[in-house]
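# Residue-level structural notes
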Amino acid sequence: MKIVIIGDGKVGHKLTAQLSEEGYDLTLIDQNEGKLQETLNQLDIFCITGNGVDIEVQRQADVPHADLVIACASTDELNMLSCLIAKRLGAKHTIARVRNPLYYRQIGILKEDLHLSMAVNPELAAANEAARVLLFPETSKVETFMKGKMELVEYKLQEDSHIVGMTLADLYRKYQIKLLICAVKRADDIYIPDGSFVLQAGDKMHIAAGHQDLESFFKALGKKNRKVRKVLICGGGHMCYYLAAQLLQAGMQVRIIEKKKERCEELCELLPRATVIHGDATDQELLIEEGLEECNALVALTGMDEENIILSLFAKTRGVPKIIAKVNEDSRAQMVEDMGIDSIISAKSATADEIMSYVVARNNSYASANVEAMYQLLGGRVKAMEFIIRKECEITNVPLKDLPTKKNYLIACIGRKRKIIIPNGNDHLEVGDSVVVVTTNQMINQFSDILA
């Protein structure tokens, strides 16, 4: 699959690194020669210096023969125009990054007129991620599969939990709840656990289950259903707008602190039910005055990673039960997790995941099982992929215990006719099933890749 990426910014760079790792034929276009040289030193790809809107630059990148062109340059207008030109030159598919809420509200018309295969909105993708965590506050990350019927949540095991020291087989026997612990991070090691795996305090577990089963499990662990009712958002950018709109719709009280007066006025018009405060969110007195200590959650969404980290740590000292920080730099995100702030969101990571799902789906669209969704967990070290079985093949109608799967591949969940099945060895796959596979290995391009 031949892919051209326009823009070597945060999203473009992360995407280039991920696609390069998976062995795709890549060309990267950017106007900044120095930045491209840095990328070239790190990755084995072809780079072209120039403007992605320039037809000659696109021809030089062989856009007319590209399977996919992804435009993630600095402005929406550049991205949409680049995709329009790429399509006219003969590119099979195009993806544009579109951030402006005004454009995104009419994305249906824009996609049709510009012949876009997909439009991605980094702030909306990250806001969706934050909203899912706030609706399920026991967790630090929530991904959804099977059109929202199944959830894959990240949960850190505390020292006082009564399942510490228990094997997974004993846990499943004791609680009789339909769920599967499909990946565990312990210190720097990642495990795809079996029934004999013993849980320890500090384990970061990824649990697959339906929403009701997850609620039952957390209740059985003695976790009170501590719903988030009052949220304080620091920083009033696009992500704040998308997140606040979702939270207000869910019946939560939302307060927003924003530095720029003009932006405060805009947010007042856009979100009449939210309380918007003009001020500096890093002012401790202002935070306390605006009810930080009475909040169920603080979401730090300023434009600076460092500010978000400081705000999160301050909120932690004040006993705020749920804290979410936007941290774009991967190395800083790791640092913050080590400080005990579990819920980290990154617009570039959320966007890269959306685009990677699309790329993998296009790559195997003629296979017996198509990729429907893909998420990268634990810094990309674990991948969770949803396939839909399209036709009879060597993997259908065979008991799972008789399917010789490779090491570190786990069939975590099967969706069949509105039913969620947490599989055992006697279950089998049928045509039409949605199947979630979790692995620590490279991307799966064909479902049959999981077979030994």
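Cut-offs applied
- Residues numbered from 1 in each chain as written.
- Predicted model: local features only at pLDDT ≥ 70, side-chain atom pairs only at ≥ 80, totals over all residues.
- Heavy atoms only, no water.
- Buried < 20%, exposed > 50% of the residue type's maximum accessible area, 1.4 Å probe, protein only.
- Helix = DSSP H or I, 4+ residues; strand = E, 2+ residues; numbered from the N terminus.
- Pairing = 2+ DSSP bridges.
- Phe/Tyr/Trp six-rings, centres within 6.5 Å; stacked < 30°, edge-to-face > 60°.
- Core = buried A, V, L, I, M, F, W, Y, C linked by side-chain atoms within 4.5 Å.
- Contact = heavy atoms within 4.5 Å.
- Disulfide = S-S within 2.5 Å.
- Right-handed = clockwise from strand over helix to strand, strands pointing away.

## Some thoughts on the pairing of strand E8 (residues 150-156)
Buried residues dominate E8, accounting for six of its seven residues. In this structure, strand E7 (residues 141-145) lies alongside E8, joined through five bridges in antiparallel fashion. Bridging from a neighbouring strand, Glu143 pairs with Leu152 of E8. Here E7 folds back onto E8, and the loop between the two strands holds four residues, one of which, Met146, carries a positive phi near 50°. Direction of pairing for E8 relative to strand E11 (residues 204-210): antiparallel, over a ladder of seven bridges. Residue pairing in the sheet places Val153 in a bridge with Ile207 of E11.

## Observations concerning the packing of aromatic side chains
Applying the stated rule across the entire model yields six aromatic pairs. Judged by centre distance (5.0 Å) and plane angle (65°), the rings of Tyr155 and Phe218 are edge-to-face. Within this pair, whereas Tyr155 is found in strand E8, its partner Phe218 is found in helix H9 (residues 211-220), the two being separated by 63 residues in sequence. For the residue pair Tyr155 and Phe218, the accessibility class agrees, reading buried in each case. Aromatic side chains Tyr241 and Tyr242 sit 5.4 Å apart centroid to centroid with 55° between the ring planes, which places their arrangement in the tilted category. Of the two residues, Tyr241 and Tyr242, neither departs from the other in class, the shared state being buried. Here the aromatic cluster, defined as three or more aromatic residues joined through ring pairs, consists of Phe136, Tyr155, Tyr175, Phe217 and Phe218.

## Here we look at the nonpolar core
In this structure, Ile163, Phe217, Ile233, Leu243 and Ile256 are the most contacted members of the largest nonpolar core, which totals 55 residues. A per-element tally of this core places helix H10 (residues 238-249) first, with eight residues. The next biggest cluster of nonpolar side chains, apart from the first, holds 42 residues, and it includes Ile3, Leu15, Leu19 and Tyr358.

## Describing the environment of Thr49
Turning to its location among the elements, Thr49 is positioned in strand E3 (residues 46-49). Note on Thr49: relative accessible area 40%, which makes it partly exposed. Along the sequence, Thr49 and Leu28 sit 21 residues apart, while their C-alpha atoms lie 8.5 Å from each other. Those residues in contact with Thr49, other than ones at most four positions away along the chain, are Asp30, Gln31, Glu33 and Leu36.

## Some points on unusual backbone geometry
Notably, Ala187 is not glycine yet its phi reads approximately 55°, a positive angle. Structurally, the position occupied by Ala187 is in the loop between strand E9 (179-186) and strand E10 (189-191). For Asn408, which is not glycine, the phi dihedral falls at a positive 65°. Along the chain, the position of Asn408 falls in the loop between strand E19 (382-389) and strand E20 (409-416).

## Topic: the state of the cysteines
Inspection of the entire model under this criterion finds zero disulfides. We note that Cys72 lacks a disulfide partner, and the nearest cysteine sulfur, in Cys83, lies 9.4 Å from it.

## Concerning the pairing of strand E5 (residues 93-97)
The buried fraction of E5 is high, at five of five residues. Taking every second residue as pointing to the same face, both faces of E5 are buried, with His93, Ile95 and Arg97 on one and Thr94 and Ala96 on the other. Here strand E4 (residues 68-71) runs beside E5; their pairing, made up of four bridges, is parallel. When the sheet's bridge partners are listed, Val69 is paired in E5 with Thr94. Regarding topology, helix H4 (residues 76-89) serves as the crossover connection from E4 to the parallel E5, and that connection is right-handed.

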